[in-house]
Amino acid sequence: MQRFHSSFGYCIRWGVKQGCLIVVLLAVVTWVMRMMGGESVSLSMHDVLTGAAVAVAFGVVLGSFVFLFGWMGRVTVTSEGIQAPRYSGFHDFVAWWDIGRVGSGNLSGWPCTIIQRKSGNASVYLMVSGDRRRALAEAIASAAPPSNPLAEYFRKSASNGSPAHTR
């Protein structure tokens, strides 16, 4: 039995990138609006450092929330199947034989792999990202039957370098 969730470092890096993007976009919009209003716009080192500090602080907070969200969505791989969260957040076990269609999607904006069951029960979501996603793919490859749709999905995405394998 192996458990997987996105690493804290990966989530923090992702959050800081988002924070920087948001601060830069807000700065550009503010600059354009001031220029259109006829104001002179100056930028001091203090403004740059304040913006960077806000971006990093926002990113750390956002990354921490994403990590907690991912930790609650952790995935367990066994020789009998996989345990992962449904949309509600409750975890379900899905036997290898019950895995039907597999595809990529997102859950509240976070990229994931969606597993639909042959039995028609609720779908489950694999929300593991970064380096841990590669380890998850390897665990699935060694535990699942080769013809399993989930194993095939990860094999295909690994062979064509798809983001579904590395996100």
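Structure: see above.
**Re the pattern of salt bridges**
Scanning the model with the defined rule gives 2 salt bridges in all. A salt bridge links arginine 86 to aspartate 92; the nearest nitrogen and oxygen atoms lie 3.0 Å apart. The partner of aspartate 92 in a salt bridge is arginine 117, and the shortest N-O contact between them spans 2.9 Å. Of the two residues, aspartate 92 is situated in strand β4 (residues 91-95) and arginine 117 in strand β6 (residues 110-117); the sequence distance between them amounts to 25 residues.

**Here we look at the packing of aromatic side chains**
In total, this model carries 3 aromatic pairs according to the counting rule given. Judged by centre distance (5.3 Å) and plane angle (90°), the rings of phenylalanine 8 and phenylalanine 67 are edge-to-face. Of this pair, phenylalanine 8 sits in helix α1 (residues 8-36) while phenylalanine 67 is found in helix α2 (residues 45-72), placing the two residues 59 residues apart along the sequence. For phenylalanine 67, a relative accessible area of 17% translates into the label buried. Ring centres of tyrosine 153 and phenylalanine 154 lie 5.5 Å apart, and the angle between their planes is 85°; on these two criteria the pair is classed as edge-to-face.

**Structural notes on the nonpolar core**
The nonpolar side chains of a soluble globular protein tend to be buried with one another. Core analysis: the biggest nonpolar cluster contains 21 residues, and Val77, Ile82, Leu126, Leu136, Ile140 and Leu150 have the highest contact counts within it. Contributions of two or more residues to this core are made by β2 (75-77), β3 (81-85), β7 (124-126), α3 (131-143) and α4 (149-159). Sequence-distant contacts of isoleucine 82, defined by excluding residues within four places in its chain, comprise Val75, Thr76, Val77, Asp92, Phe93, Val94, Trp96, Ile99, Ile115, Leu126, Ile140 and Leu150. Counting 8 residues, the second largest nonpolar core, distinct from the first, contains Cys11, Trp110, Cys112 and Met127.

Reading guide: rules and limits
- Residues numbered from 1 in each chain as written.
- Predicted model: local features only at pLDDT ≥ 70, side-chain atom pairs only at ≥ 80, totals over all residues.
- Heavy atoms only, no water.
- Salt bridge = Lys/Arg side-chain N within 4 Å of Asp/Glu carboxyl O.
- Helix = DSSP H or I, 4+ residues; strand = E, 2+ residues; numbered from the N terminus.
- Phe/Tyr/Trp six-rings, centres within 6.5 Å; stacked < 30°, edge-to-face > 60°.
- Buried < 20%, exposed > 50% of the residue type's maximum accessible area, 1.4 Å probe, protein only.
- Core = buried A, V, L, I, M, F, W, Y, C linked by side-chain atoms within 4.5 Å.
- Contact = heavy atoms within 4.5 Å.

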